[in-house]
Amino acid sequence: MMRLRQGFAAGIVVVLAVVAVVAFVRDGDPAPAVTAAVPSTTTTTTTTTSTTSTTTTVVGVSPSSMAGDRVAEVEAILQDLWFRWFDAIYRKDADALWGVVATQEGYEAGVTAMETMSFSSPPTLDGTAIVVREVLLDRADCLVAYETGNFSAYRGPDAQSDTVTVLWPDAQGMWRIAATWSGPGDLWQTTCDLVTREIGP
């Protein structure tokens, strides 16, 4: 449970860091550039006596992340969850958070954000841009994606972050956010491997 709390806390640090960037920009100083890593490509050419073939491999992308239909599904799930997360915070609706988060730690983080997070306009689904860079794990009891989220439409300039989001299914089979981590090399696997899960109402 301690690692789970650390994981969600890391994700909230990312969210609060975005708030800090917005405040930084409003003070008139230039905001730091936000860039997303672009997967590199490797081209291998194989020549035989009769044919020549060229194979392009995307480095660092799992086979599951290259299944276009599933990636689109995961992006839609994350877009809906992150929109409802920000919408609940914007409206200061603590009850609505339980439709988004799976843990008490996540709920408390959302309540805290209601007092600290700033918005340039009300959150919208269309303004919640999610690009899944890699599906790290896709199984019935745990879905993990490494995504880039851009919320500048209602959070202000440069409100973008790269996050690993871990989802658990609730009793109705709907996905909820169990934890967030900073990157694929972080300890997100520990969140999926918890045998005892205290999923909120």
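Note that this is a predicted model, so its numbers are computed, not measured.

Asks: What should I look at first to understand the nonpolar core in this one?
Replies: Most often, soluble globular proteins keep nonpolar side chains buried together rather than apart. Counting 28 residues, the largest nonpolar core has Leu 78, Trp 82, Trp 85, Phe 86 and Ile 89 as the members making the most contacts within it. Looking at this core, the elements with two or more residues in it are helix H2 (68-91), helix H4 (104-116), strand E3 (129-139), strand E4 (142-150) and strand E6 (175-181). Among all residues touching Leu 78, those that are not within four sequence positions of it are Ile 130, Val 132, Ala 145, Glu 147, Thr 165 and Leu 167.

Asks: Would you mind going over the pairing of E4 with me for this structure?
Replies: Looking down a regular strand, the side chains alternate between one sheet face and the other. Of all nine residues in E4, eight are buried; the element is thus mostly enclosed. The pairing of E3 with E4 spans nine bridges and is antiparallel. Bridging across to E4, Ile 130 finds its partner in Gly 149. With antiparallel pairing between neighbouring strands as the criterion, E3 and E4 make up a hairpin whose turn holds two residues. Note: E4 against strand E5 (residues 160-169), eight bridges, orientation antiparallel. Paired with Thr 148 across the two strands is Asp 162, which belongs to E5.

Asks: So what exactly am I meant to see when it comes to the state of the cysteines here?
Replies: Two cysteines, two sulfur atoms, one covalent bond between them: this is a disulfide. According to the stated counting rule, one finds one disulfide in the structure shown. The residue that forms a disulfide with Cys 142 is Cys 192, at a sulfur-sulfur distance of 1.9 Å. Taking the sign of the torsion about the S-S bond as the criterion, the disulfide between Cys 142 and Cys 192, at about -65°, is left-handed. In this pair, Cys 142 is assigned in strand E4 and Cys 192 in helix H6 (residues 188-192), connecting sequence segments 50 residues apart. In this structure, Cys 142 and Cys 192 share a single accessibility class: buried.

Asks: Can you help me understand the sheet that holds E6 in this one?
Replies: Note: strands within a sheet are paired through backbone hydrogen bonds, in either parallel or antiparallel orientation. Pairing within the open sheet is antiparallel, and its four strands lie in the order E3-E4-E5-E6. Whereas interior strands pair on both sides, the edge strands pair on one side only; in this sheet they are E3 and E6. When strand polarity is set aside, the average angle formed by the axes of neighbouring strands in this sheet is 30°. In this fold H2 packs onto E3, E4, E5 and E6, with an angle of close to 115° to the strand it touches most, E3.

Asks: Quick question: what am I supposed to make of H2 here?
Replies: Side chains three or four residues apart in an α-helix point the same way, a direct result of the helix having 3.6 residues per turn. Taking 1.5 Å as the rise per residue, H2 with 24 residues should run 34 Å; its terminal C-alpha atoms sit 34 Å apart, in good agreement. Every buried residue belonging to H2 is among Val 71, Val 74, Leu 78, Leu 81, Trp 82, Phe 83, Trp 85, Phe 86, Asp 87, Ala 88 and Ile 89, and all of these are buried. After H2 finishes, the residue Lys 92 shows a positive phi value of roughly 55°.

Asks: What is the right way to read the packing of H2 against H4 from this model?
Replies: In contact at an axis separation of 8 Å, H2 and H4 are set at 50° when each is read in the N-to-C sense. As summarised for this structure, H2 and H4 are arranged oblique, according to the angle between their axes. Crossing geometry of H2 relative to H4 is assigned as right-handed. Facing Trp 85, Ala 88 and Ile 89 of H2, the residues of H4 in contact are Gly 106, Ala 109, Gly 110, Ala 113 and Met 114. Its residues placed into classes, the contact of H2 with H4 shows six nonpolar, two polar and no charged.

Asks: Help me out: how do you make sense of the environment of Glu 108 in this one?
Replies: If you trace the backbone, Glu 108 turns up in helix H4. Judged by its relative accessible area of 44%, Glu 108 is partly exposed. For the pair Glu 108 and Leu 97, spaced eleven residues apart in sequence, the C-alpha to C-alpha distance is 9.3 Å.

Rules and cut-offs
Residues numbered from 1 in each chain as written. Predicted model: local features only at pLDDT ≥ 70, side-chain atom pairs only at ≥ 80, totals over all residues. Heavy atoms only, no water. Core = buried A, V, L, I, M, F, W, Y, C linked by side-chain atoms within 4.5 Å. Buried < 20%, exposed > 50% of the residue type's maximum accessible area, 1.4 Å probe, protein only. Helix = DSSP H or I, 4+ residues; strand = E, 2+ residues; numbered from the N terminus. Contact = heavy atoms within 4.5 Å. Pairing = 2+ DSSP bridges. Disulfide = S-S within 2.5 Å. Axes fitted to C-alpha atoms, helices over the stretch in contact; angles between N-to-C directions. Expected span 1.5 Å × (residues − 1). Parallel < 35°, antiparallel > 145°, perpendicular 65-115°, else oblique. Left-handed = near helix turned anticlockwise from the far one by under 90°. Nonpolar A, V, L, I, M, F, W, Y, C, P; charged D, E, K, R; others polar.

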